[in-house]
Amino acid sequence: MKIKALEIPDVKVLYPAKFDDDRGFFSEIYNKSTYEKIGIQEEFVQDNHSLSRAVGVIRGLHYQCSPFAQAKLVRVVRGTILDVAVDIRKNSETFGRWVSAEISAQAWNQIYIPKGFAHGFVTLEENTEVNYKVSARYAPELEKSIAWNDPALKIEWRISEGAVTLSDKDMQPMSFAAYCQCPDF
Ligand SMILES: Cc1cn([C@H]2C[C@H](O)[C@@H](COP(=O)(O)OP(=O)(O)O[C@H]3O[C@H](C)C(=O)[C@H](O)[C@H]3O)O2)c(=O)[nH]c1=O
């Protein structure tokens, strides 16, 4: 499988093989032993699927605190997202830096995001459906949000601020400065 390490090498873009034939195609979209060999050791315990109808839907930046911190393996089954991961590990040399990658059904790629990152994406096509595995169950009481448009992070979302659709939760996030006062990783 082709792998592309991003500027923060713990975050990887994966390109699973896709076997086309006259009937259509076949692809192993996850295989524990294959993924362990490339360093993805987590046991994934939950699969998520979200549909975002509009272009410019931003979901994020989210993370769960220990003991339910989540590694994520994200793919897109319809449409396209710009996926963003922010390093929020206080002792990391890339603390506060972010990486992004375009993940799409067309490219048939995936992005692996370890624990210790705040995660989000913006949809770049209508009716985009995202499937992702997480390594810990949903724990809403331990879930936190950092502002997607925090000036301290300067994330390039490729969408103008006026064209963004957010959940109520994502309209009341904490600032990155507030996170830095009491980091969770
Ligand atoms: C995340 C989650 C949500 N829910 C319920 C809770 C709400 O009633 C509803 C929508 O949840 P929320 O608005 O938090 O969904 P997203 O905004 O897509 O959240 C996700 O956005 C970014 C991309 C992430 O990386 C996280 O996986 C997750 O935080 O689904 C569940 O029942 N289980 C879950 O694991």
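Our subject is the structure that appears above.
Let me begin by describing the structure that accompanies this report.

Calculation criteria
Residues numbered from 1 in each chain as written. Predicted model: local features only at pLDDT ≥ 70, side-chain atom pairs only at ≥ 80, totals over all residues. Heavy atoms only, no water. Helix = DSSP H or I, 4+ residues; strand = E, 2+ residues; numbered from the N terminus. Rg over C-alpha atoms; globule rule 2.2 N^0.38 Å. Contact = heavy atoms within 4.5 Å. 1 Å grid on protein atoms, 1.4 Å probe; cavity = no way out; pocket = protein on both sides within 12 Å on 5 of 7 lines; lining within 4 Å. Points joined across faces, edges and corners; volume = space filled by probe spheres on them. Nonpolar A, V, L, I, M, F, W, Y, C, P; charged D, E, K, R; others polar. Pairing = 2+ DSSP bridges. Axes fitted to C-alpha atoms, helices over the stretch in contact; angles between N-to-C directions. Buried < 20%, exposed > 50% of the residue type's maximum accessible area, 1.4 Å probe, protein only. Core = buried A, V, L, I, M, F, W, Y, C linked by side-chain atoms within 4.5 Å.

### Some remarks on the overall build of the protein
Broken down by element type, the protein carries two helices and 13 strands. Rg of the C-alpha trace for the protein: 16 Å, near the compact-globule value of 16 Å for 185 residues, within the 12% margin. If one aligns the C-alpha atoms of the protein with their principal axes, the spans along those axes are about 55 × 35 × 30 Å. Counting only contacts in the protein whose residues sit at least 6 apart along the sequence, the fraction spanning at least 24 positions is 80%.

### Observations regarding the layout of surface pockets
Taken as a whole, the largest pocket spans an internal volume of roughly 440 Å³. Forming the walls of the largest pocket are 23 residues, and the residues nearest its centre are Arg59, His62, Tyr132, Glu143 and Lys169. When residues of the lining of the largest pocket are traced back to their parent elements, those giving at least two are β5 (46–52), β6 (58–64) and β11 (117–123). Looking at the lining of the largest pocket element by element, the count peaks at six residues for β6. Here the residues of the lining of the largest pocket sort into seven nonpolar, 11 polar and five charged.

### Quick look at the sheet that holds strand β13 (residues 143–145)
In spatial order, the strands read β9-β8-β11-β6-β13; together these five strands make up an open sheet with antiparallel pairing. At either margin of the open sheet sits one strand with a lone partner, and together these are β9 (98–104) and β13. Across this sheet, the average inter-strand angle for adjacent strands is 25 degrees, counted without regard to direction. Bridge analysis of strand β8 (residues 80–87) against β9 gives seven bridges, and the strand direction is antiparallel. Bridging across to β9, Val84 finds its partner in Ser100.

### Quick notes on unusual backbone geometry
Of all residues except glycine, most have a negative phi; of all peptide bonds, most are trans. In this chain, Gly60 is followed by Leu61 through a cis amide linkage whose omega measures -5 degrees. Among the structural elements, Leu61 can be located in strand β6. Across the junction of Ser66 and Pro67, the peptide omega takes the value 5 degrees, indicating a cis bond. With phi around 50 degrees, Asn127 is a residue other than glycine that occupies positive phi space. With respect to the helices, strands and loops of the structure, Asn127 is situated in the loop between β11 and β12 (128–134). By relative accessible area, which is 30% here, Asn127 ends up partly exposed.

### Some remarks on the nonpolar core
Residues Leu61, Val86, Ile88, Ile146, Ile155 and Trp157 are the most contacted members of the largest nonpolar core, which totals 20 residues. Among the elements of the structure, β6, β8, β11 and α2 (176–181) are those that each provide at least two residues to this core. In contact with Ile146, not counting residues within four places along its chain, are Gly60, Leu61, Tyr63, Ile88, Ala118, Leu153, Pro173, Met174, Ser175, Phe176 and Tyr179.

### Side note on the sheet that holds strand β7 (residues 72–78)
Strand order in the open sheet formed by six strands is β1-β2-β10-β7-β12-β5, with antiparallel pairing between adjacent strands. Where the open sheet ends on each side, the last strands, each with one partner, are β1 (2–5) and β5. Pairwise comparison of adjacent strand axes, ignoring direction, gives a mean angle of 25 degrees for this sheet. Here β5 runs beside β12; their pairing, made up of seven bridges, is antiparallel. From the neighbouring strand, Ser52 faces β12, where its bridge partner is Thr128.

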